[in-house]
Amino acid sequence: MSLTRTHTCGALTESDAGEKVTLNGWVAVRRDLGGVIFIDLRDRYGVTQIVFDQENETLHKKAEQLRTEYVIGVKGIVRKRGEENINPEMKTGTIEVVAHELEIYSEAETTPFEIKDGIETNEDTRLKYRYLDLRRPKIQQNLMMRSDFNQSVRAYFYDHDFTEVETPFLMKSTPEGARDYLVPSRVNAGKFFALPQSPQTYKQLLMVSGFDRYFQIVKCFRDEDLRADRQPEFTQIDVEMSFVNEDDVLDMTEGLMKKIMHDVKGIDIDIPFARMTYDEALQTYGTDKPDTRFGLPIVNFSEIVEESEFKIFSRTVADGGAVLGIKVPGQGDMGRGAIDRLTERVQRETGAAGLIYIKLNEQDGIKCSVEKFLKEETVTAMVEKAEAEQGDLVLILAGPDPQVYKQMGTLRLMMGEEHDLIDQSTYNFLWVTDFPLVEWDSDEHRYHALHHPFTAPKPEDVEKMDDDPAEVRSRAYDLVLNGYEIGGGSIRINQREQQKQMFDLLGIDSEEAQERFGFLLDAFKYGVPPHGGIALGVDRIVMILAGGTSLRDVIAFPKNKNAQSTMDGSPAEVDKEQLDELHIRLKNTLTNN
RNA sequence: GGUCCGGUAGUUCAGCUGGUUAGAACGCCUGCCUGUCACGCAGGAGGUCGCGAGUUCGAAUCUCGUCCGGAUCGCCA
């Protein structure tokens, strides 16, 4: 390494003109004009143009060998570019470095894809060569932003007297909830650790221990199927506080988000955030994580059509379902073909039985797709309730509650995207509160916790826990940003008796409760402060701040859709000796050598 | 696990109602070129049309199977 850099490739400006500098980096582009060779030299800070002219013939000859992605060192003089040669697209576009010395540190084969932003190469190929993908400026910026993000989080919590505590990755498996990643124990034959889905129990134990303000930026693991916004290992900002109510946690979180937005994006957001109950979110937006960057609220037509002679409407309402609509402004003249395609898509993607519409346009007046079954005043009443005007389109779905709300929510998002109703430049934070404590699982014939089994019920609903558990609301809250759930938490149960009652409700008998969570119940014998907290999804938040829609753009080495890393070939088979040590034998259908 | 879509050059794709030697763009290689910055110009290399079987005189193209990938639903306390 004989040419050690004095500057990075994004640093030089006109004021450095005349300076003798050394740069290191990768050859991004080579433009060989014969008598003069231009090289765009790239590092993670930027790109600087290097010039090799013919004055030094040996050097020029050497520069002719340069190819894309060669790693080089260049010593030269910074020169201000002539007026006509300034490149306004480049940060360093007013200068160039006239090379006097060149060292080629490493040659490079042709890369499987070009190292630049905006390439359309398959994610699969990019993941296989992730180290090359990570050379692309956009992904480098994302990871640097993520680093800023972490700095900002730590500074915030440090300033607010939080203690950062690391909790174990090897812990006890808790079958409740998502599937655990298991780790066999060599020392303890036949026994397994689980990787944490979250450090939930540990952070509650820390409250028992008296660490009244705890946080951690921590990896969590869930062995479930992947999505664009779901990876098997992901990072949370885990927070827990003692002697607090909901508002204390929400306030602290809002302060954190405000600082992050300021530090990372330079944006000052308003706090406190809007709040909405779970019921309101579901009824108005058809989801518990509404994207409030655009309107199109759901309108309920059930009362208008419950007496209707149109059986699909009246029977749906009679069976406890709902007839819902949304008004799509300015789409009243949508053609038959477009509506048919939309209907097909809605059926395919939401499972809705069909799509009914009312069009309001000059040509047809008010035109409803099922008008021959409906009284004119029924159609008019729906138009009025939807507040639809000339030129608007009303889309209607009928179906069982709660499915039809979810379907309508999906349709609403489709319309928002398709008709460009979403303001991409805004960040809409929203608290969703008053979640149900439990939900009936018709497959397993039991209740399961909507949040987790340690979430406290609302005091005013506690009496319903025995008779009408589905009606009990919890002290849980979710933080939603632009339609993504970016965090969730709750005030926890801090009484042993209530915790037992909760386990009862979930069908976990006291023996099982003792076996699974005995350590927590025992801890609660010795003085528990009231406590609660929240966990925020780092990957998702950074993804949204980076303007992306895939978590893989903000994770250095992500897994593909099948939870594999094609780059290093994991997961992989292991030697028989390794399995033997772990006291594991594979099923006959599987082989290992 | 279900449903739908796809697999052709290093990359992104076209070709698919069967028919000459499978094309384009970018990338790559060679030559020319002293102000380019998506450099330009000229030339060139590069293909198991995912794999297997079938139909046919003839298959990238049609059929079946299989593998791989993507979207979506289930799943994600």
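What counts and how
- Residues numbered from 1 in each chain as written.
- Chains lettered and ligands numbered in written order.
- Predicted model: local features only at pLDDT ≥ 70, side-chain atom pairs only at ≥ 80, totals over all residues.
- Heavy atoms only, no water.
- Helix = DSSP H or I, 4+ residues; strand = E, 2+ residues; numbered from the N terminus.
- Buried < 20%, exposed > 50% of the residue type's maximum accessible area, 1.4 Å probe, protein only.
- Contact = heavy atoms within 4.5 Å.
- Areas by Shrake-Rupley, 256 points an atom, 1.4 Å probe, with all protein chains shown as cover.
- Lys, Arg positive; Asp, Glu negative; His and termini not counted.
- Charge placed at Lys NZ, Arg CZ, Asp CG, Glu CD.
- Patch = residues over 30% accessible without salt bridge, like charges linked within 9 Å, V, L, I, M, F, W, Y side chains within 5 Å.
- Salt bridge = Lys/Arg side-chain N within 4 Å of Asp/Glu carboxyl O.
- Axes fitted to C-alpha atoms, helices over the stretch in contact; angles between N-to-C directions.
- Parallel < 35°, antiparallel > 145°, perpendicular 65-115°, else oblique.
- Left-handed = near helix turned anticlockwise from the far one by under 90°.
- Nonpolar A, V, L, I, M, F, W, Y, C, P; charged D, E, K, R; others polar.
- Domains from an automatic or database assignment.
- Pairing = 2+ DSSP bridges.
- Core = buried A, V, L, I, M, F, W, Y, C linked by side-chain atoms within 4.5 Å.
- pLDDT = per-residue confidence, 0-100.

**What to know about the overall build of chain A**
Right, on to step 1. Looking only at helices and strands, chain A features 16 helices and 22 strands.
Right, on to step 2. Summarising its shape, the C-alpha atoms of chain A cover approximately 90 × 75 × 55 Å along the three principal directions.
Right, on to step 3. When the 593 residues of chain A are sorted by exposure, 48% land in the buried category.
Right, on to step 4. Pairs at least 24 residues apart make up 67% of the contacts formed inside chain A by residues separated by at least 6 positions.
Right, on to step 5. Of the accessible surface of chain A, which amounts to about 30200 Å², a share of 46% is contributed by carbon and sulfur atoms.
Right, on to step 6. Each charge class in chain A was averaged separately, 70 positive and 104 negative side chains, and the resulting centres sit 5 Å apart.

**With respect to the side chain of Ser565**
Right, on to step 1. Turning to its location among the elements, Ser565 is positioned in the loop between helix H15 (538-545) and helix H16 (576-581).
Right, on to step 2. Judged by its relative accessible area of 10%, Ser565 is buried.

**Thoughts on a negative patch on the surface**
Right, on to step 1. A grouping of Asp279, Asp466, Asp467, Asp468, Glu471, Asp504, Asp509, Glu511 and Glu515 is seen on the molecular surface, where their side chains present a negatively charged patch.
Right, on to step 2. Mapped onto the fold, Asp466 is located in the loop between strand E19 (446-449) and strand E20 (476-481).
Right, on to step 3. Judged by its relative accessible area of 61%, Asp466 falls in the exposed class.

**Here we look at the packing of helix H4 (residues 137-159) against H15**
Right, on to step 1. Taken N-terminus to C-terminus, the directions of H4 and H15 make an angle of 125°; their axes are 10 Å apart at the nearest point. The angle between H4 and H15 falls in the class oblique. Relative to H15, H4 is oriented so that their crossing is right-handed. In this structure, H4 uses Asn142, Met145, Arg146, Phe149 and Asn150 to contact H15, whose residues at the interface are Val538, Asp539, Ile541, Val542 and Leu545.
Right, on to step 2. Here the residues of the contact of H4 with H15 sort into six nonpolar, two polar and two charged.

**Here's the deal with the domain arrangement of chain A**
Right, on to step 1. For chain A, the assigned domains read domain 1 (14-106), domain 2 (140-164 + 198-276 + 430-558) and domain 3 (294-422).
Right, on to step 2. Of note, the centres of domain 2 and domain 3, computed from C-alpha atoms alone, are 36 Å apart.

**Quick look at the pairing of strand E16 (residues 393-399)**
The two faces of a sheet get side chains in turn, since along a regular strand they alternate between them.
Right, on to step 1. Of all the seven residues making up E16, seven are buried; the element is thus mostly covered by neighbouring parts of the structure.
Right, on to step 2. The side-chain alternation of E16 yields two buried faces, one formed by Leu393, Leu395, Leu397 and Gly399 and the other by Val394, Ile396 and Ala398.
Right, on to step 3. Pairing geometry for strand E14 (residues 356-361) and E16, over four bridges, is antiparallel. Across the sheet, residue Ile356 finds its bridge partner in E16, namely Ile396.

**Here we look at the side chain of Thr92**
Right, on to step 1. With respect to the helices and strands, the residue Thr92 is situated in the loop between strand E4 (71-80) and strand E5 (95-106).
Right, on to step 2. Each residue touching Thr92, except ones within four places of it in the same chain, is listed here: Cys9, Gly10, Ala11, Leu12, Val47, Thr48 and Arg81.

**Here we look at the nonpolar core**
Right, on to step 1. Among the nonpolar cores identified, the biggest contains 42 residues, and Phe149, Val153, Phe157, Ile237, Phe429 and Leu545 are the most heavily contacted of them.
Right, on to step 2. Ignoring anything within four residues of it in the chain, the contact list for Leu545 reads Met145, Phe149, Ile260, Met261, Val264, Lys265 and Tyr427.
Right, on to step 3. Ile326, Met334, Tyr357 and Leu395 belong to the second largest nonpolar core, which has 24 residues in total.

**Points about the sheet that holds strand E11 (residues 274-277)**
In sheet architecture, strand pairing relies on hydrogen bonds along the backbone and comes in two forms, parallel and antiparallel.
Right, on to step 1. Taken in spatial order, the eight strands of this open sheet run E6-E9-E10-E22-E21-E20-E17-E11, and their pairing is mixed. Edge strands, defined here as strands with exactly one partner in the open sheet, are strand E6 (163-164) and E11.
Right, on to step 2. By the bridge criterion, four bridges tie E11 to strand E17 (residues 429-433) in an arrangement that is parallel. By the bridge assignment for E17, Met276 is matched with Val432.
Right, on to step 3. Here H4 sits on the sheet in contact with E6, strand E9 (213-221) and strand E10 (233-242), set at roughly 150° to E9.

**With respect to the sheet that holds E14**
Right, on to step 1. Pairing is antiparallel in the open sheet, where five strands are placed in the order E12-E13-E16-E14-E15. Of all the strands in the sheet, the pair left with one neighbour each is strand E12 (299-300) and strand E15 (365-368).
Right, on to step 2. Across the sheet, helix H9 (residues 311-318) lies against strand E13 (322-328), E14 and E16, angled at about 50° from E16, the strand it touches most.
Right, on to step 3. Against the sheet, helix H11 (residues 376-385) makes contact with E12, E14, E15 and E16, and its axis sits at roughly 80° relative to E14, the strand it touches most.

**Considerations on unusual backbone geometry**
Negative phi values dominate among residues other than glycine, just as trans dominates among peptide bonds.
Right, on to step 1. Cis peptide bonds are those with omega within 30 degrees of zero, and the linkage from Ile271 to Pro272 qualifies with 0°.
Right, on to step 2. Mapped onto the elements, Pro272 comes out in the loop between helix H6 (246-265) and E11.
Right, on to step 3. Between Ser570 and the following residue, Pro571, the backbone shows a cis peptide bond with an omega angle of 0°.
Right, on to step 4. Take Pro571: it is sitting in the loop between H15 and H16.
Right, on to step 5. Look at His583: it is not a glycine, yet its phi comes out positive at around 65°.
Right, on to step 6. Here His583 is to be found in the segment after H16.

**Considering the confidence of the model for chain A**
Right, on to step 1. Per-residue confidence for chain A gives a mean pLDDT of 92; residues scoring 70 or more make up 99%.
Right, on to step 2. Quick note on the complex model: pTM equals 0.93, ipTM equals 0.90.

**A word on the pattern of salt bridges**
Right, on to step 1. Counted according to the given criterion, the structure contains 35 salt bridges.
Right, on to step 2. Close ionic contact of Glu14 with Lys80 constitutes a salt bridge, the shortest N to O distance being 3.7 Å. Of this pair, Glu14 sits in the segment before strand E1 (20-32) while Lys80 sits in strand E4, and the two are 66 residues apart along the sequence.
Right, on to step 3. For Glu114, the salt bridge is made with Lys116, and the minimal N-O distance between the two is 3.2 Å.
Right, on to step 4. In this structure Lys116 comes out as partly exposed when scored by relative accessible area, which is 42%.
Right, on to step 5. Here the salt bridges do not stand alone but share partners, grouping Asp434, Lys458, Glu460, Asp461, Lys464 and Arg473 into one network.

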